[in-house]
Amino acid sequence: MECVSENENAATPPWRRMVSIGDSFTEGIGDPDENVPGGFRGWADRVAEHFAEQVPDFAYANLAIRGRLIQQIDDEQIEPALALNPDLITLCAGGNDVLRGGDPDKLAGQLDRMVSRLETTGATIVLFAGPDIGDTPVMKLLRGRVAIFNENVRTVARRHGAVVADVWSLRELHRPDMWAEDRLHFSALGHHTIARLVLESLNVSNDLDRDLPAPPVTKPWRQARADDLHWAREHLVPWFGRRIKHVSSGDGVTAKRPLPSPVFGAANGPHDGQPQD
């Protein structure tokens, strides 16, 4: 008998047009790749690439822009997303507000209203429970606020029949190599791990590698403290500086994939550099 792989037996995913909405998490910051639009790949690109391997004519738009607060995402991205007629929508919003002291209950109310508008498309909607930041210097003080917001996200999802990708539950993300140097965004490995979570949350079989590298060797105390001081000087202080000046890392940045376009894979052919008809 011929051996058939799990992927060969798996049903083709039902989605044909994916639109991703949000901030730096969805834009893919921390996962640089000069070969993709915007210069950052990220979990959303990785999920779209997986679908493109199986779904002919699969198209993907990413409207996310780094630094965006939930009101900006509501104002700038919801209507354009609706206009693109997606059948799969990913929405992550509110994380930046929580980090800036926003009320997690009020934020959840706004998220609920956003999801209410998006569900008029009939699309499958994926929401996100934020990561556990308990190991992050300074930011760990906001851990309880993030946990409350996550519970509210789950409530919103139940109200609207949305899917929750529970990033908080990913214990792998406590490893330092899952995070970019700024400790605010995920590394390429972190985005890869989250892409696998999203696919699993959608009950989509995937062959993304589960055999991740072993955790790095624990650093001596002095080296760890020196790294903390370097991080604070290079990343934390500038972050607080932007908050004081009321400027954003996303000022002047536009969406990297504003319109649905092909993601080239086995089902869609190779990217030959030529525009599609």
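None of these values were measured; they are calculated from a predicted model.

Trainee: How should I be thinking about the sheet that holds strand β1 (residues 17-21) in this particular structure?
Mentor: Backbone-to-backbone hydrogen bonds join strands into a sheet, with any given pair of strands oriented parallel or antiparallel. The strand order β5-β4-β3-β1-β2-β6 describes an open sheet built from six strands, whose pairing is mixed. The open sheet terminates on both sides in strands that have one partner only, identified here as β5 (163-166) and β6 (257-262). For this sheet, the mean angle separating the axes of adjacent strands, direction not counted, is 20°. With three bridges joining them, strand β2 (residues 59-62) and β6 adopt antiparallel strand pairing. Within β6, the position partnered with Ala59 by the bridge is Pro262.

Trainee: Mind showing me how you'd approach the pattern of salt bridges here?
Mentor: Any two side chains of opposite charge can pair, given that their charged atoms come close. What the rule picks out here adds up to 15 salt bridges. Asp45 is the partner of Lys256 in a salt bridge, and the nearest nitrogen-oxygen pair spans 3.2 Å. One end of the pair, Lys256, is in the loop between α9 (221-245) and β6; the other, Asp45, is in helix α3 (residues 42-52), with 211 residues separating them in the sequence. As far as burial versus exposure is concerned, Lys256 and Asp45 are alike and both buried. For Arg171, the salt bridge goes to Asp132, with nearest N and O atoms at 3.8 Å. Linking Arg171 in the loop between β5 and α8 (188-201) with Asp132 in the loop between β4 (124-129) and α7 (143-160), this pair joins segments that are 39 residues apart in sequence. Its relative accessible area of 45% is what places Arg171 among the partly exposed residues. Take Asp132: its relative accessible area is 8%, and that puts it in the buried class. One connected set of salt bridges, linked through shared partners, spans Asp74, Glu79 and Arg117.

Trainee: Got a minute to help me understand the packing of helix α6 (residues 104-118) against α7 in this structure?
Mentor: A pair of packed helices can be characterised by two numbers: the angle between their axes and the separation between those axes. Contact geometry of α6 with α7 gives a least axis separation of 9 Å together with a crossing angle of 25°. Considered as vectors, α6 and α7 are oriented roughly parallel to each other. For the crossing formed where α6 meets α7, the hand is right-handed. Packed against α6, whose contacting residues are Pro104, Asp105, Leu107, Ala108, Leu111, Asp112, Val115 and Ser116, the element α7 presents Arg145, Ile148, Phe149, Asn152, Val153, Val156, Arg159 and His160 at the interface. Looking at the contact of α6 with α7 residue by residue, the classes come out as nine nonpolar, three polar and four charged.

Trainee: Which parts of the structure should I look at to understand the side chain of Asp45?
Mentor: A relative accessible area of 4% means that Asp45 is categorised as buried. Within the local environment of Asp45, its side chain forms a polar contact with the side chain of Tyr60, the two groups lying 2.5 Å apart. Filtering out sequence-adjacent residues up to four positions away, Asp45 remains in contact with Val36, Phe40, Tyr60, Asn62 and Lys256.

Trainee: Could you clarify how one ought to interpret the packing of aromatic side chains in this entry?
Mentor: Here a ring pair, both rings aromatic, is described through the centre-centre distance and the interplanar angle of the planes. Applying the stated criterion across every chain, the model contains seven aromatic pairs. Relative to Phe128, the ring of Phe25 has its centre 5.4 Å away and its plane inclined at 75°; by these criteria the two rings are edge-to-face. Here Phe25 is found in helix α2 (residues 24-27), whereas its partner Phe128 is found in strand β4, with 103 residues between them in sequence. Take Phe25: its relative accessible area is 13%, and that puts it in the buried class.

Trainee: So what exactly am I meant to see when it comes to α3 here?
Mentor: Since the α-helix turns once every 3.6 residues, residues separated by three or four places project in the same direction. Among the 11 residues that make up α3, 10 are buried, leaving the element largely enclosed by the rest of the structure. Those residues of α3 not exposed but buried are Gly42, Trp43, Ala44, Asp45, Arg46, Val47, Ala48, His50, Phe51 and Ala52. Its buried side turned inward, α3 meets β1, α2, β2, β3 (88-91), β4 and α8.

Trainee: Please explain the environment of His160 as it appears in this structure.
Mentor: Mapped onto the fold, His160 is located in helix α7. Sequence separation between His160 and Ser116 is 44 residues, and the spatial gap between their C-alpha atoms is 7.3 Å. Look past the residues within four positions of His160 in its chain and what remains in contact with it is Asp112, Val115, Ser116 and Glu119.

Trainee: Looking at this model, I keep getting lost on the packing of α3 against α8. Mind explaining?
Mentor: Running from N to C, α3 and α8 point in directions that differ by 50°, and their axes come no closer than 8 Å. With respect to α8, the element α3 is oriented oblique. At the point where α3 passes α8, the crossing takes the right-handed sense. Side by side, α3 and α8 meet where Gly42, Trp43, Arg46, Val47, His50 and Phe51 of the first sit next to Ala188, His191, His192, Ile194, Ala195, Val198 and Leu199 of the second. Residues of the contact of α3 with α8, tallied by class, amount to eight nonpolar, four polar and one charged.

Trainee: Could you clarify how one ought to interpret the nonpolar core in this entry?
Mentor: A general tendency of soluble globular proteins is for nonpolar side chains to be buried together. Core analysis: the biggest nonpolar cluster contains 33 residues, and Met18, Trp43, Phe51, Phe128 and Leu202 have the highest contact counts within it. Counting residues per element, the ones that place at least two in this core are α3, β4, β5 and α8. If sequence neighbours within four positions are ignored, Met18 has contacts with Ala44, Val47, Ala48, Phe51, Phe58, Ala59, Tyr60, Ala61, Leu88 and Thr90. In terms of nonpolar packing, the next biggest core, distinct from the first, is built from 32 residues, Ala123, Ile125, Ile133 and Val146 among them.

Reading the values: the criteria
- Residues numbered from 1 in each chain as written.
- Predicted model: local features only at pLDDT ≥ 70, side-chain atom pairs only at ≥ 80, totals over all residues.
- Heavy atoms only, no water.
- Pairing = 2+ DSSP bridges.
- Helix = DSSP H or I, 4+ residues; strand = E, 2+ residues; numbered from the N terminus.
- Axes fitted to C-alpha atoms, helices over the stretch in contact; angles between N-to-C directions.
- Salt bridge = Lys/Arg side-chain N within 4 Å of Asp/Glu carboxyl O.
- Buried < 20%, exposed > 50% of the residue type's maximum accessible area, 1.4 Å probe, protein only.
- Parallel < 35°, antiparallel > 145°, perpendicular 65-115°, else oblique.
- Left-handed = near helix turned anticlockwise from the far one by under 90°.
- Contact = heavy atoms within 4.5 Å.
- Nonpolar A, V, L, I, M, F, W, Y, C, P; charged D, E, K, R; others polar.
- Polar contact = N/O pair within 3.5 Å; in protein donor to acceptor, adjacent residues only side chain to side chain.
- Phe/Tyr/Trp six-rings, centres within 6.5 Å; stacked < 30°, edge-to-face > 60°.
- Core = buried A, V, L, I, M, F, W, Y, C linked by side-chain atoms within 4.5 Å.

The quantities given are spatial measurements derived from coordinates; they are silent on function.
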